[in-house]
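A closer look at the structure
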Amino acid sequence: MKSITVRIGEKGQITIPIGIRERDKLDKGTQVEVVDLGEGSLFINKIDRKKELLLAFRILGKRIKEKGYNKDKLIDFCRQVRRDVYNA
Amino acid sequence: MLKCFVDTNIILIGALDLSENKISDEARIIDLVIEGKIKHIVTIQLLNEYHEAAKRLMDKDFAGWIRYLIVDVSKPIFIPDDVCKELEPKFVSLIPKEDLRHFVCCVIAEADYLISNNREFLKKSKNDVFKCVTPREFLSIEEFT
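The paragraphs below set out a description of the structure included in this document.

Thresholds, definitions, all that
Residues numbered from 1 in each chain as written. Chains lettered and ligands numbered in written order. Predicted model: local features only at pLDDT ≥ 70, side-chain atom pairs only at ≥ 80, totals over all residues. Helix = DSSP H or I, 4+ residues; strand = E, 2+ residues; numbered from the N terminus. Buried ≥ 20, exposed ≤ 12 C-beta atoms within 10 Å, placed from the backbone. Expected span 1.5 Å × (residues − 1). Contact = placed C-beta atoms within 7 Å. Nonpolar A, V, L, I, M, F, W, Y, C, P; charged D, E, K, R; others polar. Pairing = 2+ DSSP bridges. Arc of directions from axis to C-beta.

**Quick look at the overall build of chain A**
The helix and strand tally for chain A stands at three helices and two strands. Reading the secondary structure of chain A in the N-to-C direction produces α-β-β-α-α. Taking the principal axes of the C-alpha coordinates as reference, chain A spans close to 60 × 25 × 25 Å. Here chain A holds 88 residues, and the buried ones make up 14% of them.

See the structure below:
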C-alpha cells in the first residue's frame, strides 16, 4: 500500500493520480463513496454496482431459505405476486 | 446480443441458489444479466413484480434497492405500457390476462427468448417469433463462455 499526497482544490476537489485512475478504471463519471473514518481520515471506495447487486441477490436468497421456500413453492409464490400486481 | 425476458421466478430461484453458492441454471441466468451477456427486456409490470416479491420477502426499502440495482446494472430494454396496450387486444384471447403484458413486450422488443419456470406460461406463450423456454433449455441451446 502506497501513500500519495494530493492537495484539495478550491471546491474541495482532489485529483487522483493518473496511474491509479488507469489501473482501477476510475474514468470520468465513475461513482466513488467517501467514508469518513473520523479524525481527518477518509476512505475512498469505487462503487461496484455489479457486486452490490450480487450481494442483494444473496441477501434475498438467504431470506427465501429462512422462509422455507423451495423451487416449486417459489414458482407458486411468483404466480400469486403476478396476479396481485396485475389486479392492483 | 440475445434479447431475453427473464421471469420473476428465475430471479428468486437464482437468488436462493446464489445464497447457497449453487451454480444452478437460474443462477447462471442472473449472472448473464449482471455481466451484460444477454439483454434484459422489462416493463413496469415486470419491475413491479420484482419489487412486490422482494417486498413480501424482505421489506419496502430492500425491494426498492434491488429493483434500482437490477435496472442500473442490466440497462434493460424498457417497453412502455402505452406501446404494449396497443398490441394487447390482438392476443387477449390467447394469453391469460396477467401474463399478457409480458408476452406483448417480448413481441414488441423482438425478443429471442422468454425464459421462465412457469410451465403454463411457457405453454400458452408458445409462438413462431421467439422461443419460450426454461433456464435449462435456454442454456442447452445457447453457449456462453
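Anyway, onward from the coordinates.
**Considerations on helix α6 (residues 97-108) of chain B**
Residues and elements named next belong to chain B. For α6, with 12 residues, the first-to-last C-alpha span of 17 Å sits near the 16 Å given by 1.5 Å per residue. Taken together, the buried positions of α6 are D99, L100, R101, H102, F103, V104, C105 and C106. On its buried side, α6 packs onto β1 (3-6), β2 (39-42), α3 (44-57), α5 (81-91), β4 (113-115) and α7 (119-125). Backbone geometry just downstream of α6 places E110 in the positive-phi region, at approximately 55 degrees.

**Examining the interface of chain A and chain B**
If you look at the interface, chain A gives 27 residues, while chain B gives 30 residues. The element that contributes the greatest number of residues to the side of chain A that touches chain B is helix α2 (residues 49-66) of chain A, accounting for 14 residues. Residue composition of the side of chain A that touches chain B, grouped by class: 13 nonpolar, one polar and 13 charged.

**Observations regarding the pairing of strand β1 (residues 32-38) of chain A**
All names here are of chain A. Burial runs low along β1: only zero of the seven residues are buried. In the sheet, β1 pairs with strand β2 (residues 41-46) via six bridges, with the strands oriented antiparallel. Directly across from V32, in β2, lies its bridge partner K46. Hairpin geometry of β1 and β2 is characterised by an intervening segment of two residues between the two adjacent antiparallel strands and by a positive phi of about 50 degrees at E39.

**Brief notes about helix α4 (residues 60-74) of chain B**
Spanning 15 residues, α4(B) covers 21 Å between terminal C-alpha atoms, matching the ideal 21 Å at 1.5 Å per step. All of the buried residues along α4(B) are A63(B), I66(B), I70(B), V73(B) and S74(B). Down the axis of α4(B), the buried side of the element spans an arc of 115 degrees, and every buried residue falls inside it. Along α4(B), the residues that are exposed and aim more than 90 degrees away from the buried face are K60(B), D61(B) and D72(B). Tucked into the core, α4(B) has its buried residues touching α2 of chain A together with α2 (25-34), β2 and α3 of chain B. Two residues or fewer past α4(B), K75(B) is found with a positive phi of approximately 45 degrees.

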